[in-house]
Amino acid sequence: MDGIGIAGSGRIARSLTARLTEAGFNVATFGLTAGDGAGDRSARAAQRFSAGLRTLILVPADIAETEALLFEEQRFARDAKSLTTLVIAATLSPRYVRALRGRIDARIVLIDAPVVGNGRAADEGRLTLFLGGPQDRIEALAPVFAPIARKTIRMGSFGAAMAAKVMNDFLAATTTAVTRIALDWAEAQGIEEARIVELAGRGGEGNDRPEDMPTFCPIGQQTEESITMLVTEVEHAFDSALAGAHLTPPRAFEDAMRNSKARHLH
């Protein structure tokens, strides 16, 4: 399969490139990370990348980068004339993702393919892909997905996979935050935290190995990045909630996690 390109600075972009290259695909890259030329985002670099591009796997860090790559600075959605398939391999707001269909030419097939798994799982080709889009096109891309993921799950039409991923992350993120609150309450009553953690367990979203758990899961080990990720996932989930749903602001979870982190540092 020719004309495959990976663009974006998302954390697994390099891993996906390496896996596909090892599988024998000739993969073009654009703006993966800074350094060694991969971060070149010049107009000339974008033109080289677009030439002959048929399948674009987009791995953006966020919506702002998605806008830049598709519509603003690089304009791949408009200027990559040979592009036939766009695969979005990132976790973004489902509302935003679904709206892309109305902004991109109908000749381009859209597939949302958010991943479950961390960097190590990506390096080893053990990700799980949630897939949304036309069944025939997803089946045609099976050889591309195989080196990347140990498991693919079709969720429905375009946008359904992103909604499923956000709900999956919402469950993990809110469970972590509420568990943190419960541990604080237990500590206030003289119960050792380790005993409660042992009782509660640490299920990891279907991952085979504990080390594959999302970075926001380990209790008491949250970093600034993992706390930001937790809040983002909760916000994405709320963004996709039905009108009129009763919502609790995710910042309450953030406050709980930051207070917990501060206590562990002292």
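Refer to the structure above for everything that follows.
Residues numbered from 1 in each chain as written. Predicted model: local features only at pLDDT ≥ 70, side-chain atom pairs only at ≥ 80, totals over all residues. Heavy atoms only, no water.

K.L.:
Would you take a moment to explain the overall build of the chain for this structure?
P.N.:
Regarding its fold elements, the chain presents twelve helices and eight strands. Counting across all 266 residues of the chain, residues that qualify as buried make up 48%. In the chain, the proportion of contacts linking residues at least 24 apart, taken out of those at least 6 apart, comes to 64%. Accessible surface for the chain amounts to roughly 12,900 Å². Of this, 54% is attributable to carbon and sulfur atoms. (Helix = DSSP H or I, 4+ residues; strand = E, 2+ residues; numbered from the N terminus. Buried < 20%, exposed > 50% of the residue type's maximum accessible area, 1.4 Å probe, protein only. Contact = heavy atoms within 4.5 Å. Areas by Shrake-Rupley, 256 points an atom, 1.4 Å probe, with all protein chains shown as cover.)

K.L.:
Please explain helix H1 (residues 13–22) as it appears in this structure.
P.N.:
Residue pairs spaced three or four apart in an α-helix point in one direction, given the helix's 3.6 residues per turn. Inspection of H1 places Ala13, Ser15, Leu16, Thr17 and Leu20 among the buried residues, and these make up the whole buried set. Looking at the buried residues of H1, the elements they touch are strand E1 (4–7), strand E2 (27–30), strand E3 (55–58), helix H6 (119–123), strand E7 (127–132) and helix H8 (142–145). Phi for Gly24, located one or two positions after H1, is positive at around 100°.

K.L.:
I'm lost on the pairing of E7 in this one. Help?
P.N.:
Every other side chain in a regular strand lies on the same face of the sheet, so the side chains alternate between the two faces. Among the six residues of E7, six are classified as buried, and the element is accordingly described as predominantly covered. Every second residue of E7 is oriented toward a common face, with Leu127, Leu129 and Leu131 on one face and Thr128, Phe130 and Gly132 on the other, all of them buried. Pairing analysis gives two bridges linking strand E6 (residues 115–116) to E7, with the strands arranged antiparallel. Looking at the pairing, Val116 lines up with Thr128 of E7. As judged from the six bridges shared by E7 and strand E8 (residues 149–156), these two strands associate in the parallel manner. What sits directly across from Leu129, in E8, is Thr152. (Pairing = 2+ DSSP bridges.)

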